Amino acid sequence: MGWHQGLLVSFDLETTGTDVERDRIVTAALIRLDADGREAVRDTWLLDPGVPVPEEAAAIHGMTTAHVRAHGQAAAEGVEQITTALAAALEAGFPLVVMNARYDLSLLDRECRRYGLPTLAERLGRQPAPVIDPLVLDKHVDRYRKGKRTLKALCGHYGVPLEAAHEAGADAVAAAGVARRIGERHPEVAGTAPAALHALQEQAAAEQAASFQRYLRRSGDPAAIVEAAWPLIPYQRSRERAGDLPARASSSRGGG
């Protein structure tokens, strides 16, 4: 039985923006799905990030500054709970599905550092693994397909329902559905054990970043730096290499 036929845990964040070094978590979801795709456990969080939620971000996920201040828990408390839950899932050996993992996991890492909390990697004593990233896998198995690769676009391509785009729980469930469909359509992916699949994605993500970097240089953006590390951008490396430029986690946020 391939990993796509077993239990999966899926994770998603909605945030104040797209810069992993500066932006904050607003909502999060960690969903455990049985082999048949039904939800077994759903954990969700609403945080007051401690900074205003930009209007453009609120327009995407619906969480305004007023709403998170009235209903959100303290950010440090929420980040601690989220990271503890993720560490428990990975320590149990469950494959962790994260759409555009280098964004969500890197931003969570920076939030832990912001509040003086142990990072996910520190809690595990290793880098987070095994991670299954539908964005990286889709680019790997269907490299030359034209069009967007957002979660909404991938759901359309693979025939996966997306009930409420940019709601963290709905996005997490949809990402797991896309991962399963990739496994169903590509036996070579489904037949790869999660640990080996994680290593394959590390290499694939680096190759995809290099390809996007070449594209940016050809299109007249030679100063742009595309991060190749996956699933976690090393702390402050993007700042050291790019000065005060926002960190490019990938060619796309990868959300819905």
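Calculation criteria
- Residues numbered from 1 in each chain as written.
- Predicted model: local features only at pLDDT ≥ 70, side-chain atom pairs only at ≥ 80, totals over all residues.
- Heavy atoms only, no water.
- Helix = DSSP H or I, 4+ residues; strand = E, 2+ residues; numbered from the N terminus.
- Buried < 20%, exposed > 50% of the residue type's maximum accessible area, 1.4 Å probe, protein only.
- Polar contact = N/O pair within 3.5 Å; in protein donor to acceptor, adjacent residues only side chain to side chain.
- Pairing = 2+ DSSP bridges.
- Contact = heavy atoms within 4.5 Å.
- Axes fitted to C-alpha atoms, helices over the stretch in contact; angles between N-to-C directions.
- Expected span 1.5 Å × (residues − 1).
- Salt bridge = Lys/Arg side-chain N within 4 Å of Asp/Glu carboxyl O.
- Core = buried A, V, L, I, M, F, W, Y, C linked by side-chain atoms within 4.5 Å.
- Parallel < 35°, antiparallel > 145°, perpendicular 65-115°, else oblique.
- Left-handed = near helix turned anticlockwise from the far one by under 90°.
- Nonpolar A, V, L, I, M, F, W, Y, C, P; charged D, E, K, R; others polar.

Chemist: I would appreciate a short explanation of the environment of Tyr103 in the present structure.
Modeler: In this fold, Tyr103 is placed in helix H4 (residues 101-114). A C-alpha to C-alpha distance of 15 Å links Tyr103 and Ala29, two positions 74 residues apart in sequence.

Chemist: How should I be thinking about the environment of Leu151 in this particular structure?
Modeler: Tracing the sequence through the fold places Leu151 in helix H7 (residues 151-158). Given a relative accessible area of 2%, Leu151 falls into the buried group. Along the chain, Leu151 and Met99 lie 52 residues apart, while their C-alpha atoms are 7.4 Å from each other.

Chemist: How do you make sense of the side chain of Asp19 when you look at a structure like this?
Modeler: Residue placement: Asp19 occurs in the loop between strand S1 (8-15) and strand S2 (25-33). A distance of 2.9 Å separates a polar atom in the side chain of Asp19 from the backbone nitrogen of Glu21.

Chemist: Could you clarify how one ought to interpret the sheet that holds strand S4 (residues 73-74) in this entry?
Modeler: Within a beta sheet, neighbouring strands are joined by backbone hydrogen bonds and run either parallel or antiparallel to one another. Strand order across the open sheet formed by six strands is S4-S3-S2-S1-S5-S6, with mixed pairing between neighbours. Two strands in the sheet have a free side with no partner beyond their single neighbour: S4 and strand S6 (131-132). Inspection of the sheet shows S1 paired to strand S5 (residues 96-98) by three bridges, in the parallel sense. The residue of S5 that forms the bridge with Phe11 is Val98. Packing of helix H3 (residues 75-91) onto the sheet brings it into contact with S1, S2, strand S3 (39-48), S4 and S5, and relative to S3 it is tilted by some 155°.

Chemist: Sorry if this is basic, but what is going on with H3 here?
Modeler: Along an α-helix, residues three or four apart share an orientation, since each turn contains 3.6 residues. The terminal C-alpha atoms of H3, which comprises 17 residues, lie 24 Å apart, in line with the 24 Å expected from a rise of 1.5 Å per residue. Listing the buried residues of H3 in full gives Ala75, Gly78, Val79, Ile82, Thr83, Ala85, Leu86, Ala87, Ala89 and Leu90. Directly beyond the C-terminal end of H3, a positive phi value near 90° is found at Gly93.

Chemist: I keep staring at the environment of Ala89 and nothing clicks. Help me out?
Modeler: Note on placement: Ala89 falls in helix H3. In this structure Ala89 comes out as buried when scored by relative accessible area, which is 9%. Separated by 81 residues in the primary sequence, Ala89 and Leu8 have C-alpha atoms spaced 9.6 Å apart. Here Ala89 is in contact with Val9 and Phe94, once residues within four sequence places are set aside.

Chemist: What am I meant to see in the pattern of salt bridges here?
Modeler: Pairing is possible between side chains of opposite charge, provided their charged atoms come close. Summed over all chains, the structure comprises 12 salt bridges. Between Glu21 and Arg110 there is a salt bridge; the shortest N-O distance is 3.2 Å. Here Arg110 lies in helix H4 and Glu21 lies in the loop between S1 and S2, a separation of 89 residues in the sequence. Accessibility classification places Glu21 together with Arg110 in one group, the buried group. Between Arg38 and Asp36 there is a salt bridge, with its nearest N and O atoms 2.6 Å apart. Through salt bridges that share partners, Glu21, Asp109, Arg110 and Arg113 make up one connected network.

Chemist: Explain the nonpolar core to me, please; I cannot follow it from the model alone.
Modeler: Within soluble globular proteins, side chains that are nonpolar generally end up buried alongside one another. One finds Phe11, Ile25, Leu30, Ile82, Leu86, Leu96 and Leu105 to be the most contacted residues of the largest nonpolar core, which totals 34 residues. Ranked by the residues each element gives to this core, the list is headed by H3, at seven residues. Ranked by size, the runner-up nonpolar core spans 20 residues in total, among them Val97, Met99, Leu154 and Ala174.

Chemist: Explain the packing of H7 against helix H8 (residues 168-185) to me, please; I cannot follow it from the model alone.
Modeler: Two quantities define a packed helix pair, namely the angle between the helix axes and the distance between the axes. Between H7 and H8, the least distance of the axes is 10 Å, while the angle of their chain directions is 45°. Taken together, the axes of H7 and H8 lie oblique to each other. For the pair H7 and H8, the sense of crossing is left-handed. Two secondary-structure elements touch here, H7 through Leu151, Leu154, Cys155, His157 and Tyr158 and H8 through Asp171, Ala174, Ala175, Val178, Arg181, Ile182 and Arg185. Its residues assigned to classes, the contact of H7 with H8 comprises eight nonpolar, one polar and three charged.

Chemist: Is there a simple way to explain the packing of helix H6 (residues 134-141) against H8 in this structure?
Modeler: Axis separation between H6 and H8 bottoms out at 10 Å; the angle between their running directions is 30°. As judged from the angle between their axes, H6 and H8 are roughly parallel. When the axes of H6 and H8 are compared, the crossing they make is left-handed. Judged by residue contacts, Pro134, Leu137, Asp138 and Val141 of H6 engage Ala175, Val178, Ala179 and Ile182 from H8.

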